[in-house]
Every structure is written in structure tokens, then in C-alpha cells.
Amino acid sequence: MKYSYFPGCNLKTNSVGFEETAIAVSKKLNAELVEMPEWNCCGTIHTQTTDNLMKRIAPVRNLARAAEHVKNLENSSKEVIHKQVVTLCSMCNSTLKIVNAEVKEDTDKLEPINWQLEYDNLEYKGDMEVKHFLEILRDDIGYETIMESVEKPLKGMRIASYYGCMLLHPEIAKIDDQEAPTVMESIVQALGAEVIDWPFFKFCCGSYHIVGEEDLVNIQVHTLIDAAKKRNANSIIVACPLCRYNLEHEQIELIKNGKMKNSLPIFYFTQLMALALGIKPMKLYHFEEHLVNPKPFLKELGLIGRKKSK
Amino acid sequence: MPFEYIKMDKEALKFIDTIEEISGSNVYLCYDCGKCSSGCAFVYKMDLTVNQVISYIKTGQKEKVLSANSPWVCSSCLTCTVRCPREVDIAAVMEAVREYTLRNEPERLKRIELTDEMKKNLPNIALVGSYRKKSEL
């Protein structure tokens, strides 16, 4: 099975580990993510104004390209490909889903956008579906398959799952129940780690306030990390490059200011999946991108390193 | 108890209409339960709580709404929107206030100096997001 996959800008710049591990995991689980050609910005962050169609052109163009990509994939691989585009970044997920729902519902909006796409010889017919990789893991692959393919259970990890806002909000873009989601927790359990139940799974990290108003983000992250530590978590998983950056960057600031003693490592869920499924080489994980180095933590638990050659 | 008279003149009504038009949401649906404010992650930083902002918009008190920092502290996490029992798109109303300000007084646009470290490390979505929410376009 193959899926058309939309990466988004961050996965090509400072979250390469997220993408590369996700693709490796998808290949191992027989649900390969194939990158769509000629994608552009997803149109982040989705505008909530109703009188501005300009900001909806970028996402619709991506959806039209994805529809073409699905056709091409079908022709070349001779198997049935779902009319879906898979995202990894939670911000892309929400933007594409919202706009997709909007233009499907209201053809008056879609028509003028399609006029703009004429320059590219594209037309969006409103026939695509946007899915997050977590949904694919839950609905198409299933937790049991993940559990069966685990080679190295993540023993000793106590993981708090941080969804962030954009995986669950708004109503049309949610991937799971908005007040009690279970996707990430189920995956954590399937990987053999301990699930930490905490109420801050969607407590906003401060998002784009990191530019210019860092103090806002700082307080949010302090609350989040304190809550996770109180519940005895030793790591946090995320699905958003911005959440990862905010959580790591502000932890460093907090330690500098003496408000916190030690930091918690932050992982993308795909990195831990790859680790548990025994995917190598280590350079796929790009741990050097993380501002809080997670390697010592993983070494301590015996999950990476220590070649016993001698 | 101190009280003040509210003047619902043409300007006030026009303000309400514009906000409703930009946000696509009917503020009159709100019955001031305060669920939005109690769930807001940033409410402690706001001059006016979330339901106060909605309430002032309902009564057309433009000056109070525009001078508050609440819409600028809002990070569009949409927790209020998904929890509203009256299905008011509160985050969209906040965005509408931001847009109203920026469309009428572009000079309020904040210029943020980026350090080299920020340029190197900041995720793209943070930069694009901040530019989209706090600038005119």
C-alpha cells in the first residue's frame, strides 16, 4: 500500500528526523509514504477570516497536486491508492483539513480559487481527503500490527503524550476525541513504554508567540514540564515541529534562569516508533537537531549505542 | 455600584457588523457563561477576559475592545471555539478584532528584530504564523 504524502516546510529544514523516521517506519509497516511532487506552503496558520480567499489558494493548490499524484501513483504501481494525502506536521494537517472542508462545502469559494489554479493547468474537484499519519497508524495499520513488529520494546520510558492544539482543534480537523484522545497513548503502549496520563495534553505551548513574546511561551512551557515531571514522566512525545522547538528552547531558558533543574527530552512519535521497530542507521533520527540532547537519556536506558564488538 | 450608559450609535452598530462579517460568527449567540475564559491558556495575561471581549463587542464598545491586549495575547489554539456551548467561533472573533485593527491602523504593526540565533533555529511555521497573525496581510 502506498500513500501520497505532503511534507511541509519544517520537515525539510529543522525537523528532518521527523520525516526520515516516519518514512522508514511506513516502509517497515507496508504503508509507504511517497512524497508528492511540486508541493508548496500549506498556508499555515489557517486564517479564521471569512472574507479572504487569497489565503486559501495555497492549500487548495496542494490538494489539486495531491489528486494528480494519487492518479500517477495508481498508474505506476497498479494498485488501488486511496484518494488521500497524508501529513505529518500537525499544523499542515489542520490547515489542509480546514480548507478542504470549507471548499467541499461551499463551491462558491472553490470556483474563484480554481480560476487562480488555471495558470498551473490544475483544477481541484473536492475529491481528496486529508489524513494525519497517526490516523493511518490507527485505522489502516492498527495497533496490533505495530505491537507485533516491535523489536526493541521501549522499557523504562515513561512517556507523556503532548498533542498540542492543532491535532485536535477545530472540530473539522480533529484526529481523535477532543477532550480525551487516545491515539498517541495507544501507540506508546504498543511500543512497550509506560503511558503517563496527564491533563495538559492540549495545553497550548504558546505557538508563534515564540517570535517576539517569548515570556508567554516560557510560562506555558514551565507549567507543562512541571506537570509532566510531577506525574513521573521522563520524556514527552509531540507531533509538531513548533511544539518541539518551544518545549526544548524554553526548557534551556528555564534552566539558565534557575527555575528548573533538569530537562526532559522531547521526541517525535515517529522517532520512538523507529527506535522500537529497530530501524537503523542512527543518522535517520537526526538527534543533533534537538536542542535538548536526548542521546544520554536513551543510552542510560540502553536503547541506543554500546556496540559490543570488543 | 458604579454604572455607565452605553451608546449604541451608528458607529457602534457598524463595528459589530464588521466584526461579524470578518469572523463569520454571530456574537449575539453568546450568553456569557464564561467557559471560554476558564479554559483559556493565556487568560492570566489578558486585560479583558475572553467573554468580556465578546460582551463588549455585543454592546458595541469599540474603544474598550480595541485598546485591550486580549486579541494579541490569543494564540489561536481554538480551545474556546471547540468548547463554546453556543457555537460562537470565539477564536475567529479574536482574529477579526486583530484584522480590524490592522486594516484600519496598519501603523500598529509590530516590527520584531530577529537575532542570528533565531534566524537559524526558529521553525518556519513560527515565523510565518507570527507574520500572518500580527501583520496586515
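Within any chain, residue numbers begin from 1 and follow the written order of that chain's sequence. As they are written, the chains are lettered A onward and the ligands numbered 1 onward, keeping that order. Confidence filtering applies because this is a predicted model: local features only for residues at pLDDT of at least 70, side-chain atom pairs given and counted only at 80 or more, and all residues used for totals across whole chains, interfaces and linings. Heavy atoms throughout the structure, all of them, feed into the side-chain values; hydrogens and water do not.

Draft legend 1. Quick look at the overall build of chain B. To qualify as a helix, a DSSP run of H or I must reach at least 4 residues; to qualify as a strand, a run of E must reach at least 2; elements of each kind are numbered from the N terminus. Broken down by element type, chain B carries nine helices and zero strands. Its helices and strands taken in sequence order, chain B reads α-α-α-α-α-α-α-α-α from the N to the C terminus. Exposed residues in this analysis have more than 50% of their type's maximum accessible area, buried residues have under 20%, and partly exposed residues fall in between, with area computed by a 1.4 Å probe over protein chains only. For chain B, with 137 residues in total, the buried portion stands at 50%. Reported accessibility uses the Shrake-Rupley method at a 1.4 Å probe radius. Residues are deemed covered only where the shown protein chains occlude them. Carbon and sulfur atoms form 53% of the exposed surface of chain B, whose accessible area is close to 7300 Å². Separation between the mean location of the 20 positive side-chain charges and that of the 19 negative ones in chain B comes to 4 Å. His residues and chain termini do not enter the charge count, which takes Lys and Arg as positive and Asp and Glu as negative. The location of each charge is read from NZ of Lys, CZ of Arg, CG of Asp or CD of Glu.

Draft legend 2. Representation of the nonpolar core in the model. Ranked by internal contacts, the top residues of the largest apolar core, which has 149 residues, are F133, L137, I236 and F269 of chain A. The leading source of residues in this core is helix α3 (residues 57–77) of chain A, at eight residues. For this analysis, a nonpolar core means a set of buried residues of the types Ala, Val, Leu, Ile, Met, Phe, Trp, Tyr and Cys, connected via side-chain atoms within 4.5 Å.

Draft legend 3. Spatial organisation of the sheet that holds strand β3 (residues 84–87) of chain A. All names here are of chain A. Here a strand pair is declared whenever DSSP counts at least two bridges between the two strands. One open sheet holds the four strands; their spatial order is β2-β1-β3-β4, and the pairing between them is parallel. Each edge of the open sheet carries a strand with a single partner, namely β2 (32–35) and β4 (129–132). Looking at each pair of strands side by side, their axes are set apart by 45 degrees on average, direction ignored. Looking at chain direction, strand β1 (residues 2–6) and β2 are connected through four bridges and run parallel. Bridge assignment links S4 to a residue of β2, and that residue is V34. Sitting on the sheet, helix α4 (residues 90–105) is in contact with β1, β3 and β4, with an inclination near 160 degrees to β4. Between N-to-C directions, angles span 0 to 180 degrees; the directions come from axes that are lines fitted to C-alpha atoms, helices contributing only their stretch in contact. The contact criterion used is simple: two residues touch if any of their non-hydrogen atoms lie within 4.5 Å.

Draft legend 4. The arrangement of the interface of chain A and chain B in detail. Each side of the interface is counted separately: chain A has 43 residues, and chain B has 43 residues. The three residues of chain A that bury the most area against chain B are Q48, Y208 and V211 of chain A, which together make up 21% of that side's buried surface. Salt bridges are identified by distance alone: a Lys or Arg side-chain nitrogen within 4 Å of an Asp or Glu carboxyl oxygen. Between chain A and chain B we count four salt bridges in total. Ionic pairing is found between R83 of chain B and E179 of chain A, a salt bridge with its closest N-O pair at 3.0 Å. Buried area adds together the accessible area that both of two parts lose upon being put together, with accessible area traced by a 1.4 Å probe.

Draft legend 5. Up close: the packing of helix α2 (residues 16–28) of chain A against helix α11 (residues 269–276) of chain A. All names here are of chain A. The geometry of α2 relative to α11 is characterised by a closest axis approach of 8 Å and an angle of 45 degrees between their N-to-C directions. Accordingly, the angle class assigned to the pair α2 and α11 is oblique. Taken as a pair, α2 and α11 cross one another with a handedness that is left-handed. Between α2 and α11, the contacting residues are G17, F18, T21, A22 and V25 on the first element and F269, T270, Q271, M273 and A274 on the second. Orientation labels follow simple angle bins: below 35 degrees gives roughly parallel, above 145 gives roughly antiparallel, 65 to 115 gives roughly perpendicular, and whatever is left gives oblique. Should the near helix be turned anticlockwise from the far one by less than a right angle, the crossing is left-handed, and should it be turned clockwise, the crossing is right-handed.

Draft legend 6. Layout of α4 of chain A. Expected span of a helix, by definition, is 1.5 Å for each gap between consecutive residues, and there is one gap fewer than residues. Compared with an ideal rise of 1.5 Å per residue, which puts 16 residues at 22 Å, α4 of chain A spans 23 Å between its outermost C-alpha atoms and is within 8% of the ideal. With respect to burial, α4 of chain A is a largely interior element, 13 of its 16 residues being buried.

Draft legend 7. Structural detail: helix α8 (residues 183–190) of chain A. Residues and elements named next belong to chain A. Counted residue by residue, α8 has seven buried out of eight residues, so it is predominantly covered. Those residues of α8 lying buried are V183, M184, E185, S186, I187, V188 and A190. Lining the buried residues of α8 we find α6 (133–141), α7 (143–149), β5 (158–161), β6 (194–196), β7 (235–238) and α11. G192 occupies a position one or two residues after α8 and carries a positive phi of about 85 degrees.

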